[in-house]
Amino acid sequence: MTQAATGSESDGRVPGRRWTVRLDPVGRGSAEVRVSCSRPACAERRLPSAAAGRTAAVAHLTAHLRATPAPRADTYCACRADGCRAHLPDTGRHARTEQPWRCGGPVVLAVITDRAGRWWQALECCSRCAAATPGARTAAASPPSAPRTAGRPAPAVAGPGAGTPQFSDQQVTTRTGGPAHLPVPAPRPRPARRRPPEARVGRRVVPRDLRPVSLRDELTELGDLFRAYQKRPEPDLALLADLQERKARAFLTWSEVSCDVALRLEAQRAEQAAAVIRRQHQHRTGCVPDGEEPGVARLLTGPAQWEYARSVLAYVAGHTPLPGAEARLLVLMLTLRTAHTGTGNLVGQDVQALGLTDPEDLVQQLTGCGWLSLPGTVGDLLASRPENPTPITVPSLVRGKDGTGPFTFGRKTRPKLSGWAQRAVSDKKLRKAKAPADARLLAVTLATWTDDVGRLGPGGRGVTLDALTTRVPVGADELRDLVDRLTAADWLTDAALTDTHLTGRLTERVLPLTCPLPD
């Protein structure tokens, strides 16, 4: 080693460069990691997770490699003091006294990575050392030199990494007297796995020799299904409960085949998890046994009331005497007030809270066409207070001589439907955003077109625009603006409007106002 150092000093050679990028945890109880570089000019960084830390460390090392000039030709190996395999002493009968380190080849810039992803190192070394290091990658090599001619000096070095490459071992001389350039050995590839990956279900490895084969295939498929479920953008509690039930049955059979008590206990835990998840799904959808409170306390508590609400919206869509969304919203609210007998009470605040452009003129038009009947003037209606409401009559909803009307729900259901609609169109965030009448009409319409978890359309597949525009009479451009308004008011989320459908779901805060569609 002393002789090698002396030889290097006499040749004017310098140690090869080397720097390391490390990834270390910050401390216990924290997911943060620390990325540090051995170069003094590089500042330490903290990242929120190990994945982000690895990405930053690789990017940091890549930036160094791009900014680093080519390997210098006048260096010796930076790895020879670290127990490199190419630097072991010669074990032959005759020890090499003039060069104890078995190096060779041109100088290269090698990159070594820890398999556990904890550190990354770049260093200048000879090509033989790079080839002897498992997993080492050669990022750059010193350029080849032109052969020297007798009596002519070698050309001067043009810049860093250029010029005649220096060899870590002795020069190999050809018969003509010129140096023979050694090729750069390729790095040793990492040994590839010979056996296919093992099938897993959770933390359990499915044995390849498990019999019967149908049980092994079922366990393998369950593992794939559970991993696919974890990648879903939204949870599906019904599907997860089915998977847990299948897991319970498969693990019970596995325990009987292998006589493993731990598998039987895991099957019992899967069965209990399936029951809990199934109950959560029932509470979320409102389909719970009698005497239990649902997870989502909806204002309209049953499928019958949900259908009644949809029937009123469908009736108003076909019997509104005036065009436009504002007229339809006002007709909807007046219909719900008078649906049972054709008569009801109304105060001015009920009309003025709907976001109408000119409520007095609109009420005047309804009374003028004969659809609405008032005992006094429109001004008296708008000025009425809760302690002195105005009686109103809708002649088309008055029951006939046979006692029948356009709706089949009873006297106790009407105020529930009216309160539900009033709560929807007078939502706090809609009022704060000063949403217009057409946005409120769209909000109450979408509340009746969701599945049990709030996704729009049957099965969450969306609502067709043809059906939507029959309930909310607006154009395509206006509809897009209304969807943006409801999204900003935290009524809709993940909304996407195409040429044929509106997809998305209602937010958690408005789920109590939804009327889920039948399965």
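For the structure given in this document, a descriptive report is provided here.

What to know about the overall build of the protein
- Check the secondary structure of the protein and you find 16 helices and 15 strands.
- For the protein, the proportion of its 519 residues judged to be buried stands at 40%.

Examining the pattern of salt bridges
- Taken as a whole and judged by the stated rule, the model has 21 salt bridges.
- With a closest N to O distance of 3.8 Å, Arg-246 and Glu-221 form a salt bridge. On the criterion of sequence distance, the pair formed by Arg-246 in helix H5 (residues 237–258) and Glu-221 in helix H4 (residues 213–230) is long-range, its members being 25 residues apart.
- Of the charged contacts, one joins Arg-232 and Asp-236 as a salt bridge, the two residues approaching to 3.9 Å between their closest N and O atoms.

Thoughts on the packing of aromatic side chains
- One pass over the structure, following the stated rule, counts four aromatic pairs.
- On the basis of an interplanar angle of 70 degrees and a centroid distance of 5.0 Å, the ring pair of Tyr-315 and Phe-407 is categorised as edge-to-face. Of this pair, Tyr-315 sits in helix H7 (residues 303–319) while Phe-407 sits in the loop between strand E12 (390–393) and helix H12 (413–425); the two residues are 92 residues apart in sequence, bridging distant segments of the chain.
- For the pair Phe-407 and Phe-409, a centre-to-centre distance of 5.4 Å together with 25 degrees between the ring planes defines the contact as stacked.
- On the basis of relative accessibility, which here comes to 8%, the residue Phe-407 falls in the buried class.
- Accessibility expressed as a relative area gives 3% for Phe-409, which makes it buried.
- Through a chain of ring-to-ring contacts, three or more aromatic side chains come together here, namely Tyr-308, Tyr-315, Phe-407 and Phe-409.
- Between the NZ or CZ atom of Lys-247 and the centre of the ring of Phe-226, over which it lies, the distance is 5.8 Å.
- Positioned above the aromatic ring of Phe-251 is the side chain of Lys-247, whose terminal nitrogen or guanidinium carbon lies 5.4 Å from the ring centre.

Digging into H12
- Compared with the 18 Å implied by 1.5 Å per residue over 13 residues, the 19 Å span of H12 between its first and last C-alpha is a close match.
- All of the buried residues in H12 are Thr-413, Arg-414, Leu-417, Ser-418, Trp-420, Ala-421, Gln-422, Ala-424 and Val-425.
- Residues of H12 that are buried sit in contact with H7, helix H8 (325–338), helix H13 (428–432) and helix H14 (437–446).

Thoughts on the sheet that holds strand E8 (residues 137–141)
- In space, the six strands of this open sheet follow the order E4-E3-E2-E7-E6-E8, with antiparallel pairing throughout. Only two strands of the sheet have a single partner each, and these edge strands are strand E4 (45–47) and E8. For this sheet, the mean angle separating the axes of adjacent strands, direction not counted, is 20 degrees.
- Pairing of strand E6 (residues 107–113) with strand E7 (residues 119–126), which is carried by seven bridges, proceeds in the antiparallel orientation. Residue pairing across strands places Val-107 opposite Cys-126, the latter belonging to E7.

So, the packing of H8 against H14
- Running from N to C, H8 and H14 point in directions that differ by 55 degrees, and their axes come no closer than 8 Å. With respect to H14, the element H8 is oriented oblique. The way H8 lies across H14 gives a crossing that is left-handed. Seen from H8, the contacting residues are Ala-325, Glu-326, Arg-328, Leu-329 and Leu-332; seen from H14, they are Ala-437, Asp-438, Arg-440, Leu-441 and Val-444.
- In terms of residue class, the contact of H8 with H14 is built from six nonpolar, no polar and four charged.

Points about the packing of H14 against helix H16 (residues 476–488)
- The geometry of H14 relative to H16 is characterised by a closest axis approach of 10 Å and an angle of 75 degrees between their N-to-C directions. In terms of orientation, H14 lies roughly perpendicular with respect to H16. In this structure, H14 contributes Asp-438, Ala-439, Leu-442, Ala-443 and Leu-446 to the contact, and H16 contributes Leu-479, Leu-482, Val-483 and Leu-486.
- Along the lines of polarity and charge, the residues of the contact of H14 with H16 split into eight nonpolar, no polar and one charged.

Examining unusual backbone geometry
- Of note, the amide linkage connecting Arg-211 to Pro-212 takes the cis form, showing an omega dihedral of 5 degrees.
- Topologically, Pro-212 is positioned in the loop between strand E10 (204–205) and H4.
- A positive phi angle, close to 55 degrees, is found at Cys-259, a residue other than glycine.
- Its identity as a non-glycine residue notwithstanding, Asp-494 has a phi of 55 degrees, on the positive side.
- Among the secondary structure elements, Asp-494 is positioned in strand E14 (residues 492–497).

Brief notes about the sheet that holds strand E15 (residues 501–506)
- Read across the sheet, three strands follow the order E13-E15-E14 without closing on themselves; strand pairing throughout is antiparallel. The sheet is open, and its two borders are formed by strand E13 (463–464) and E14, each paired with just one other strand.
- The strands touched by H16 within the sheet are E14 and E15, with E14 carrying the most contacts at an inclination of about 160 degrees.

About the cut-offs
- Residues numbered from 1 in each chain as written.
- Predicted model: local features only at pLDDT ≥ 70, side-chain atom pairs only at ≥ 80, totals over all residues.
- Heavy atoms only, no water.
- Helix = DSSP H or I, 4+ residues; strand = E, 2+ residues; numbered from the N terminus.
- Buried < 20%, exposed > 50% of the residue type's maximum accessible area, 1.4 Å probe, protein only.
- Salt bridge = Lys/Arg side-chain N within 4 Å of Asp/Glu carboxyl O.
- Phe/Tyr/Trp six-rings, centres within 6.5 Å; stacked < 30°, edge-to-face > 60°.
- Lys NZ or Arg CZ within 6 Å of the ring centre and 35° of its normal.
- Expected span 1.5 Å × (residues − 1).
- Contact = heavy atoms within 4.5 Å.
- Pairing = 2+ DSSP bridges.
- Axes fitted to C-alpha atoms, helices over the stretch in contact; angles between N-to-C directions.
- Parallel < 35°, antiparallel > 145°, perpendicular 65-115°, else oblique.
- Left-handed = near helix turned anticlockwise from the far one by under 90°.
- Nonpolar A, V, L, I, M, F, W, Y, C, P; charged D, E, K, R; others polar.

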